[in-house]
Structure formats: C-alpha cells, structure tokens
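Coordinates in review
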Amino acid sequence: MIALGTLMRHVHELMDGAIAGLYAEHGLPDYRPRYSPVVRTLVAKGPLSIRDLAREIGVTHSAASQTVVQMRRSGFATLERGADARHRIVHLTDRARAALPLIEAEGAATERAVRELDAELPVPLEQLMTATLRALERRDFRERIGDVNP
C-alpha cells in the first residue's frame with residue numbers, strides 16, 4: 001500500500017510537472033508553476049512586500065520568500081528595499097510581463113483540465129483539499145497523531 005504522503009506528492013508532481021512541461025515547450029524552461037500565483041497577484045495588486053504577498057496567495061512568509069528568490073534568479077521578479085529596511089518589495093520584470101499571455105492561457109487551460117479531472121472523481125479535488133485543510137486548521141495533524149511511545 002502506498003503511503004498517503006507519497007500519493008499526495010505523486011499527484012502534485014504529475015500535475016505540476018505537466019504544467020512545467022507546457023512552459024518549457026513554449027520557451028520558458030525556467031518558469032515554475034509555483035510562480036503563477038505570485039505573478040497574478042502582482043499584476044492585480046502591484047508591487048507588494050513578501051509578507052503581504054504571502055498573505056494574498058495563502059502561503060507562509062518562508063514559502064513566498066523562497067519562491068520570490070527563485071523568480072529573481074530566473075529573471076521574473078526583482079526585489080527592492082521597502083520604507084522599513086526589514087521589508088523587501090517584489091516587482092515583476094519585463095520578462096514576467098512578456099510571459100503574461102502564456103501564463104493566462106495556461107491558467108485557463110489548467111482550470112478546464114481540473115474540471116475534467118473532477119468529473120472523473122467521486123469528490124472534486126479542490127473541495128476535498130479545502131475540506132482537509134479546514135479540518136487540519138481546526139485540529140492540527142500533530143495533535144491527531146498523539147503520543148508515540150517506542
């Protein structure tokens with residue numbers, strides 16, 4: 001039997017890998033699907049601090065910071081100091097803006113593919129994942145594991 005964590009990682013790898021492959025086919029082999037929520041948020045809201053960006057896309061500060069660092073290395077984002085030296089403000093580059101038509105087309109195609117996938121599942125994937133997240137927010141997984149005495 002395959003462990004739940006392994007199954008979740010494998011599903012993510014299959015979906016994320018397919019999207020990354022699409023970008024590579026269109027000349028952006030260094031664009032990662034995890035950049036898209038950042039790009040979409042910065043297009044909609046303008047430059048943001050990493051903290052505000054994390055809050056907007058629903059990830060930890062650390063996860064947002066790591067993604068932005070990767071985006072900067074790949075030429076999709078720049079960082080500038082904010083008014084407070086502790087804050088760094090994320091800006092999209094011209095390279096990211098040039099990729100917007102592809103990013104938007106991929107997003108629409110991904111939404112269609114997810115709807116198609118959902119039709120084959122007993123419960124829509126997003127609904128299941130959202131319900132799982134809410135349950136873990138009510139009672140975290142560590143608490144559910146309880147004590148382990150070897």
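Residues numbered from 1 in each chain as written. Predicted model: local features only at pLDDT ≥ 70, side-chain atom pairs only at ≥ 80, totals over all residues. Heavy atoms only, no water.

**A short note on helix α6 (residues 100-120)**
Condition: A run of H or I in DSSP counts as a helix once it spans at least four residues, and a run of E counts as a strand once it spans at least two, with each numbered from the N terminus. To estimate the expected span of a helix, count its residues, drop one, and scale the result by 1.5 Å. For each residue, the accessible area found with a 1.4 Å probe, counting protein chains only, is set against the maximum for its type, and the residue is called buried under 20%, exposed over 50%, and partly exposed in between. Arc, as used here, means the arc of the directions from the helix axis to the C-beta atoms.
An ideal rise of 1.5 Å per residue puts 30 Å on 21 residues; α6 measures up with 30 Å between its terminal C-alpha atoms. For α6, every residue scored as buried is listed here: Leu100, Leu102, Ile103, Glu106, Gly107 and Asp118. Mapping the buried residues of α6 onto a view down its axis gives an arc of 140 degrees, with all of them on the same face. Residues of α6 that are exposed and point over 90 degrees away from its buried face: Pro101, Glu104, Arg115, Glu116, Ala119 and Glu120.

**Overview of the packing of aromatic side chains**
Stated formally: When two rings of Phe, Tyr or Trp (its six-membered ring) have centres within 6.5 Å they constitute a pair, described as stacked for plane angles under 30 degrees, edge-to-face for angles over 60, and tilted for the intermediate range.
For the coordinates displayed, the defined rule picks out four aromatic pairs. Relative to tyrosine 31, the ring of tyrosine 23 lies with its centre 4.4 Å away and its plane at 45 degrees, an arrangement referred to as tilted. With relative accessibility at 0%, the residue tyrosine 23 sits in the buried group. Taken together, the ring pairs connect Tyr23, Tyr31, Tyr35 and Phe76 into an aromatic cluster.

**Thoughts on the nonpolar core**
Here is the rule: Remark: nonpolar core denotes a set of buried residues (Ala, Val, Leu, Ile, Met, Phe, Trp, Tyr, Cys) joined through side-chain atoms within 4.5 Å. Contact definition: two residues touch when any of their heavy atoms are within 4.5 Å.
Judged by nonpolar contacts, the single largest core of 24 residues is most densely connected at Tyr31 and Met71. When contributions to this core are tallied by element, the ones reaching two or more residues are α1 (4-25), α2 (36-45), α3 (50-57), α4 (61-73), β3 (88-92) and α6. Apart from the residues within four sequence positions on either side, tyrosine 31 is in contact with Tyr23, Ser36, Val39, Phe76 and Ile103.

**Describing the pairing of β3**
Cut-off, in case you're wondering: At least two bridges found by DSSP between two strands are what make those strands a pair.
With two bridges connecting them, strand β1 (residues 48-49) and β3 associate as antiparallel partners. Opposite serine 49, over in β3, you have isoleucine 89 as the bridge partner. In the sheet, strand β2 (residues 77-81) pairs with β3 via five bridges, with the strands oriented antiparallel. Residue pairing for β3: alanine 77 is matched across the bridge by leucine 92. Linking β2 back to β3 in an antiparallel pair, the connection comprises six residues.

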